[in-house]
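# Structural features, examined
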Amino acid sequence: VQLQASGGGLVQAGATLRLSCTASERPFGRFIMAWFRQAPGKEREFVAAYKWDGGNTYYADSVKGRFTVSRDPAKNTVYLQMNNLKPDDTAVYYCAADKRLISSSIRYDMHYDYWGQGTLVTVSS
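Residues numbered from 1 in each chain as written. Predicted model: local features only at pLDDT ≥ 70, side-chain atom pairs only at ≥ 80, totals over all residues. Heavy atoms only, no water.

If you walk through the whole model with that rule in mind, you get six salt bridges. For the salt bridge of Lys 99 with Glu 25, the shortest nitrogen-to-oxygen distance reads 3.2 Å. Here the residue Lys 99 occupies a position in the loop between β9 (91–98) and β10 (114–115), and Glu 25 occupies one in the loop between β3 (17–23) and β4 (32–38), the gap between them amounting to 74 residues. Here Lys 99 falls in the partly exposed class, since its relative accessible area comes to 33%. Here Glu 25 falls in the partly exposed class, since its relative accessible area comes to 31%. Measuring nitrogen to oxygen at the nearest pair gives 3.1 Å for the salt bridge that ties Asp 109 to Arg 44. Of this pair, Asp 109 sits in the loop between β9 and β10 while Arg 44 is found in the loop between β4 and β5 (45–51), placing the two residues 65 residues apart along the sequence. Arg 44 gets classed as partly exposed once you look at its relative accessible area, which sits at 31%. (Salt bridge = Lys/Arg side-chain N within 4 Å of Asp/Glu carboxyl O. Helix = DSSP H or I, 4+ residues; strand = E, 2+ residues; numbered from the N terminus. Buried < 20%, exposed > 50% of the residue type's maximum accessible area, 1.4 Å probe, protein only.)

Structural data, given as structure tokens:
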């Protein structure tokens, strides 16, 4: 599976951005698509995930209430709507996917088999 991420940019604090991640093949069943981010000098961290079967969503506490993950099944695409962006959200955002993760593994990057290229989000104060 190849993943294509897009939508990053430079914005001011409080602004909105939407990231997109498109898979090269149609997701189905226990397919998970997720977003991770890595800020300068920090480890990569979980942001949000969408479970294709059932539509369950998962969020890091730091983004809950501000970010929303959704999908467009016709386009094999998952979106990350980011509202009220903060300077601490500045990072390279990575799209990841796996075909059969269990819920307890969703937040850990080591379990994902497929990764897209990163897209840089910079939030100025």
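In terms of strand pairing, strand β7 (residues 67–72) meets strand β8 (residues 77–82) through six bridges, oriented antiparallel. Directly across from Ser 70, in β8, lies its bridge partner Tyr 79. Where β7 folds back onto β8 in an antiparallel hairpin, the turn is made up of four residues, including Asn 76, whose phi is positive at roughly 55°. (Pairing = 2+ DSSP bridges.)

For the rest of this paragraph, the subject is the state of the cysteines. Counting across every chain of the model gives one disulfide. Note on cysteine connectivity: Cys 21 is disulfide-linked to Cys 95, with sulfurs 1.7 Å apart. Around the S-S axis, the bridge from Cys 21 to Cys 95 shows a dihedral of about -75° and counts as left-handed. One end of the pair, Cys 21, is in strand β3; the other, Cys 95, is in strand β9, and 74 residues separate them in sequence. Of the residues examined, Cys 21 reaches a relative accessible area of 0% and is grouped as buried. For Cys 95, a relative accessible area of 1% translates into the label buried. (Disulfide = S-S within 2.5 Å.)

A separate point is the packing of aromatic side chains. What the rule picks out here adds up to five aromatic pairs. Ring centres 5.6 Å apart and planes at 75° place the aromatic pair Phe 36 and Phe 46 in the edge-to-face group. Linking Phe 36 in strand β4 with Phe 46 in strand β5, this pair joins segments that are ten residues apart in sequence. Judged by its relative accessible area of 1%, Phe 36 is buried. With a centroid separation of 5.3 Å and an interplanar angle of 75°, the aromatic rings of Phe 36 and Tyr 112 are classed as edge-to-face. Of this pair, Phe 36 sits in strand β4 while Tyr 112 sits in the loop between β9 and β10, and the two are 76 residues apart along the sequence. The buried category is assigned to Tyr 112, whose relative accessible area is 5%. In this structure, Arg 18 packs its charged tip against the face of Tyr 79, placed 4.1 Å from the ring centre. When the ring centre of Tyr 94 is taken as origin, the NZ or CZ atom of Arg 44, which lies over that ring, is 5.6 Å away. (Phe/Tyr/Trp six-rings, centres within 6.5 Å; stacked < 30°, edge-to-face > 60°. Lys NZ or Arg CZ within 6 Å of the ring centre and 35° of its normal.)

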